[in-house]
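# Per-entry structural report
Listed below, chain by chain, are the residues.
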Amino acid sequence: MCSEYEQRICYAEYSNVMQDLALGIPARQSELDLAPRAQIKIGDIGPVIRCVGDNTVELAEMKFGFPPVRKHGPVFNIRSQGKSFSDGHRCLVPASAFLETTGSKHSKGKYRFELVDAPFMAIAAIWRRGRKSQPSAFAMLTTYPGFDVEPFHNRQVVVLRPSDWKAWLDLERSPASLWHPRPRASLTVELARPSDLGMRMS
């Protein structure tokens, strides 16, 4: 599943989108809170969008992935089906693209997915407060793959267009109504890294 994404978003662009959505942002925040990052992987720190009051949101730095449970690794993706999330901390992960790896162990390719007709996307997520010396952390929600992702993976992260952001943060609608994958051709797809097999054959 998605263990890596890109965040190449201009803060002015972010501010304009929030203004269009009638969502206030703290005056103390600036471009330093949304510095472009070419790669954010599990265990890295990245910004999330969360509510801090009525129609007001803030950017908060959190770790990608909840702490390991028993002997398992960090929890970075959570299935959305069958869950209400009414008692959880909901947030959005701003991203310019998410990446998926496909293929066998010796022949892997990495594909970049970007949202069409929107300045950037947001991935539905939940967050938890850190314990002891641990930072707060987030995990992305997943759903069934849409037409654009299905050829590459049997699951995908929940990609939300700006018009659905407030509905998720405030839970204004049933979460199930937001989990539907985007229609065909909603995402552009490109090979981010040639597969090892392809490099050997060339």
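Presented here is a report on the structure given in the accompanying data block. (Residues numbered from 1 in each chain as written. Predicted model: local features only at pLDDT ≥ 70, side-chain atom pairs only at ≥ 80, totals over all residues. Heavy atoms only, no water.)

So, on to the overall build of the protein. When helices and strands are tallied, the protein shows three helices and 13 strands. For 202 residues, the compact-globule estimate of 2.2 N^0.38 gives 17 Å, and the protein sits close to it at 17 Å. By its C-alpha atoms, the protein is 55 × 40 × 35 Å across when sized along the principal axes. Here the protein, with 202 residues, has 44% of them falling under the buried criterion. For the protein, long-range pairs separated by at least 24 residues make up 70% of all intrachain contacts whose partners lie at least 6 apart in sequence. Accessible surface, the protein as shown: approximately 10,600 Å² in total, 50% of it carbon and sulfur. Within the protein, one finds 27 positive and 21 negative side-chain charges whose respective centroids are separated by 11 Å. (Helix = DSSP H or I, 4+ residues; strand = E, 2+ residues; numbered from the N terminus. Rg over C-alpha atoms; globule rule 2.2 N^0.38 Å. Buried < 20%, exposed > 50% of the residue type's maximum accessible area, 1.4 Å probe, protein only. Contact = heavy atoms within 4.5 Å. Areas by Shrake-Rupley, 256 points an atom, 1.4 Å probe, with all protein chains shown as cover. Lys, Arg positive; Asp, Glu negative; His and termini not counted. Charge placed at Lys NZ, Arg CZ, Asp CG, Glu CD.)

A few words on the packing of aromatic side chains. Under the criterion given, the structure shown has 11 aromatic pairs. On the numbers, 5.6 Å between centres and 80 degrees between planes, the contact of F113 with F152 is edge-to-face. Here F113 is found in strand β8 (residues 107-115), whereas its partner F152 is found in the loop between β10 (137-143) and β11 (156-157), with 39 residues between them in sequence. Classification of F152 by relative accessible area gives partly exposed; the value is 22%. Grouped by ring-pair contacts, the aromatic residues Y5, F64, F76 and F138 constitute a single cluster. We note R155 situated over the ring of Y144; from NZ or CZ to the ring centre the distance is 5.5 Å. (Phe/Tyr/Trp six-rings, centres within 6.5 Å; stacked < 30°, edge-to-face > 60°. Lys NZ or Arg CZ within 6 Å of the ring centre and 35° of its normal.)

A separate point is the nonpolar core. Nonpolar side chains in soluble globular proteins tend to be buried together. Membership of the largest hydrophobic core comes to 29 residues, with the highest contact counts inside it found for Y14, L141 and W168. Those elements that provide at least two residues to this core are α1 (11-20), β4 (56-64), β9 (121-128), β10 and α2 (165-169). Beyond its immediate stretch of four places on either side in the chain, Y14 contacts I9, I25, L34, I49, V57, L59 and F120. Y5, F64, M121 and M140 belong to the second largest nonpolar core, which has 24 residues in total. (Core = buried A, V, L, I, M, F, W, Y, C linked by side-chain atoms within 4.5 Å.)

Our next topic: the pairing of β4. Of the strand pairs in this sheet, strand β3 (residues 45-53) and β4 are connected by eight bridges, and their pairing is antiparallel. Looking at β4, one finds that C51 is bridged to V57. Hairpin geometry of β3 and β4 is characterised by an intervening segment of two residues between the two adjacent antiparallel strands and by a positive phi of about 55 degrees at N55. With two bridges joining them, β4 and β10 adopt parallel strand pairing. Counted as the bridge partner of K63 is A137 from β10. (Pairing = 2+ DSSP bridges.)

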